Amino acid sequence: MRKIIDFNTAILASLFILGILAIIHIAILTGILFFDHVPIDSLWGGKMKTVAQLLNFEIVSLLTSIIFFFLLLIRSKLLNIPKLTGIARIVMWVLFVFFLVNTIGNVLATTTFERYFAIASGALAFLFLRIAVEKNRNNVL
């Protein structure tokens, strides 16, 4: 695993993908709140029944993306919070499993839009696995 992708590259790629996903969530929220554009059938596998449901799910998704982003910064020691360094590594394992299951859900989604997200979630699962297997590091990127 370590020979396939470098730890620093895995961190940077994960930060990039999460940043793009956060931008997508912000765009969806902006469309709902300011432009009355509600793609209820295209998002979340078409399972949302109301605009409020969609809005809540998008807000939670944006917040979790931001939390994941900060956990990556802590794991890479770009954000030096020693008390959370060990926890961040454990969370990387949890995120690996989370994104692996999410990838399966996206592949099985009924909408094409959601199926395309299987690529991003699959890549994140692989990257989080790579980040999780790394022993504690002393240096920053």
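This one's a predicted model, so the numbers in the text were calculated from it and none came from an experiment. (Residues numbered from 1 in each chain as written. Predicted model: local features only at pLDDT ≥ 70, side-chain atom pairs only at ≥ 80, totals over all residues. Heavy atoms only, no water.)

**Q** Go over a nonpolar patch on the surface with me, naming the residues and quoting the values.
**A** Taken together, I59, L63, I66, F70, L79, I81, L84 and I87 make up a surface patch of nonpolar side chains, about 630 Å² in accessible area. Counting residues per element, the ones that place at least two in the nonpolar patch are helix 2 (51-75) and helix 3 (82-107). At four residues, helix 2 tops the list of elements feeding residues into the nonpolar patch. Within the secondary structure, L63 is located in helix 2. (Patch = residues over 30% accessible without salt bridge, like charges linked within 9 Å, V, L, I, M, F, W, Y side chains within 5 Å. Areas by Shrake-Rupley, 256 points an atom, 1.4 Å probe, with all protein chains shown as cover. Salt bridge = Lys/Arg side-chain N within 4 Å of Asp/Glu carboxyl O. Helix = DSSP H or I, 4+ residues; strand = E, 2+ residues; numbered from the N terminus.)

**Q** Can you break down the packing of aromatic side chains residue by residue, with the values?
**A** Scanning the entire structure with this criterion turns up four aromatic pairs. Centroid distance F68 to F98: 6.0 Å. Interplanar angle 65°. Geometry classified as edge-to-face. Residue F68 is located in helix 2, and its partner F98 is located in helix 3; the two are separated by 30 residues in the primary sequence. Of the residues examined, F98 reaches a relative accessible area of 43% and is grouped as partly exposed. (Phe/Tyr/Trp six-rings, centres within 6.5 Å; stacked < 30°, edge-to-face > 60°. Buried < 20%, exposed > 50% of the residue type's maximum accessible area, 1.4 Å probe, protein only.)

**Q** Outline the nonpolar core, listing residues and values.
**A** By size, the foremost hydrophobic cluster in this structure holds 25 residues, and its most contacted members are L18, L72, M92, F99, L124, F128 and I131. Every element with two or more residues in this core is listed here: helix 1 (7-35), helix 2, helix 3 and helix 4 (112-133). The element contributing the most residues to this core is helix 4, with nine residues. Apart from the residues lying within four places of it in its own chain, the contact partners of M92 are L71, L72, R75, F128, I131 and A132. Counting six residues, the second-largest nonpolar core is a separate cluster that includes I28, I40, L43 and L54. (Core = buried A, V, L, I, M, F, W, Y, C linked by side-chain atoms within 4.5 Å. Contact = heavy atoms within 4.5 Å.)

**Q** Lay out helix 1 with the relevant residues and their values.
**A** Residues that lie three or four places apart on an α-helix share one face, since the helix turns once every 3.6 residues. Here helix 1 contains 29 residues, and its C-alpha end-to-end distance of 41 Å stays within 8% of the 42 Å for a straight helix at 1.5 Å per residue. A side-chain oxygen of the first residue of helix 1 lies 3.2 Å from the backbone nitrogen of N8; this N-cap is D6. Looking at the residues trailing helix 1, positive phi occurs at D36, about 55°. (Expected span 1.5 Å × (residues − 1). Polar contact = N/O pair within 3.5 Å; in protein donor to acceptor, adjacent residues only side chain to side chain.)

**Q** With reference to specific residues and values, describe the packing of helix 1 against helix 4.
**A** The interhelical angle for the contact between helix 1 and helix 4, taken along N-to-C directions, is 145°, at an axis separation of 9 Å. The chirality of how helix 1 crosses helix 4 is left-handed. Contacts between helix 1 and helix 4 pair F7, A10, I11, A13, S14, I17, L18, L21 and I24 from the former with F117, A120, A123, L124, L127, F128, R130 and I131 from the latter. Along the lines of polarity and charge, the residues of the contact of helix 1 with helix 4 split into 15 nonpolar, one polar and one charged. (Axes fitted to C-alpha atoms, helices over the stretch in contact; angles between N-to-C directions. Left-handed = near helix turned anticlockwise from the far one by under 90°. Nonpolar A, V, L, I, M, F, W, Y, C, P; charged D, E, K, R; others polar.)

Keep in mind that these numbers describe shape and distance, not what the molecule does.
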